[in-house]
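Architecture at a glance
Read off the chains here:
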Amino acid sequence: MAEITMVQAIQQALTIEMEKDPRVVILGEDVGRNGGVFRVTDGLIERFGKDRVIDTPLAESAIIGTSVGMSVNGLKPVAEIQFLGFIYEAMDQIASQAARMRFKSAGRFHVPMVIRSPYGGGVRTPELHSDSLEALFSHTPGLKIVMPSNPYDAKGLLISAIRDNDPVLFLEPMKLYRTCKQDVPEGEYEIQIGKAHIVKEGHHATIVSWGPPVQTLKKIVDEYEKEDIHLELIDLRTVAPIDIETILKSVEKTERLLIVHEAVKTNGIGAEIAALVSEKGLFSLSAPILRVTGYDTPYPVGTVEDDWLPSDKRIKLSVEKLLSY
């Protein structure tokens, strides 16, 4: 067990799976000789060779289209899209090919591929680099979407994603790549896709989140605990499928729900969670479901992004409002 960053944890997962299964290949822009834009794949081309760590042209649709072809022919590609905001070009390949292949082939073909991509704000990137687009893809049946918030989860979830028989969109928060360290086992382990994690138990209100806001919320929950207010924090980990059972069980206990995410508010994952809780757990609620999110605008320039992202102040105001009912 060693304390490592998320970048190191993801690289460990890739290394373990490439050593274990010769069908696993990596492809993307600059993933080979340069080791990826964030150096996640650094050193892997030297270790596994250029036939398994493949530098591609700057063409997202070609990267994903090639990966689909590799998958149905027996390989297990891990494709990297340099930033999630660049993925629009590949949406046809993801939604109408990768996600539908098992359905339209009546189970004859599977697409065991992973699409890795960094996302998220707080790092002052140019336009299109920080967008959180998970909601766009959650409307695609057949596609799983994983969004870890810490190194331990990133490693275990990525191993599970690579071993999965269907396509997985694996989104990595840029802000946490090197700012978050955690004790992580050196060997292999899996974390179940579609299973949320209760980070902190409580009984006054439930907070559900995923990705970078989880780290912020951990500090806020600890602050409230000093005031004898015990908030239950759930890290969703996977936004497709949503572990609604864990959320409903928590809301049944706390009777209040706050959802926090970086993406824009309208039609976000938070709206789906709110709808599911309303449908399945309405009579457990003693207060309206609240959301703290990004605003309904394009991701802003770096000088104002701290005001755009869910802040401590906005989260605490919503907690106080929730507890006032």
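Now for a description of the structure that goes with this document.

Rules behind the numbers
- Residues numbered from 1 in each chain as written.
- Predicted model: local features only at pLDDT ≥ 70, side-chain atom pairs only at ≥ 80, totals over all residues.
- Heavy atoms only, no water.
- Pairing = 2+ DSSP bridges.
- Helix = DSSP H or I, 4+ residues; strand = E, 2+ residues; numbered from the N terminus.
- Axes fitted to C-alpha atoms, helices over the stretch in contact; angles between N-to-C directions.
- Parallel < 35°, antiparallel > 145°, perpendicular 65-115°, else oblique.
- Contact = heavy atoms within 4.5 Å.
- Nonpolar A, V, L, I, M, F, W, Y, C, P; charged D, E, K, R; others polar.

**What to know about the sheet that holds strand E12 (residues 238-240)**
Sheets are built from strands that pair by backbone hydrogen bonding, the pairs being arranged parallel or antiparallel. The strand order across the open sheet formed by 7 strands is E3-E2-E4-E5-E7-E6-E12, and the pairing between neighbours is mixed. Either end of the sheet is taken by a strand with one partner, and the two such strands are strand E3 (53-55) and E12. The average angle at which neighbouring strand axes cross in this sheet is 20°, direction not considered. Across 3 bridges, strand E6 (residues 144-146) lies against strand E7 (residues 168-173) in parallel orientation. Residue isoleucine 145 lies in a different strand from E7, and its bridge partner there is leucine 169.

**Some details on the packing of helix H3 (residues 60-72) against helix H4 (residues 91-98)**
How two helices pack is summed up by the angle between their axes together with the distance between the axes. In the contact formed by H3 and H4, the axes pass within 8 Å of each other and the chain directions differ by 20°. Judged by the angle between their axes, H3 and H4 are roughly parallel. From H3, Ser61, Ile64, Gly65 and Val68 reach across to H4, where they touch Gln93, Ile94, Gln97 and Ala98. Among the residues forming the contact of H3 with H4, the class breakdown is 4 nonpolar, 4 polar and no charged.

**What to know about the sheet that holds strand E13 (residues 257-264)**
Overall, mixed pairing links the 5 strands, which are arranged E9-E11-E10-E13-E14 in an open sheet. Of all strands in the sheet, those with a lone pairing partner are strand E9 (197-200) and strand E14 (290-294), marking the two edges. Geometrically, the sheet is characterised by an average inter-axis angle of 25° between neighbouring strands, direction not taken into account. One ladder, built from 4 bridges, connects strand E10 (residues 205-209) with E13; its direction is parallel. Among the inter-strand pairings, threonine 206 is bridged to a residue of E13, identified as leucine 257. Against the sheet, helix H10 (residues 269-281) contacts E10, E13 and E14, and its axis sits at roughly 155° relative to E13.

Nothing here speaks to function; it is all geometry.
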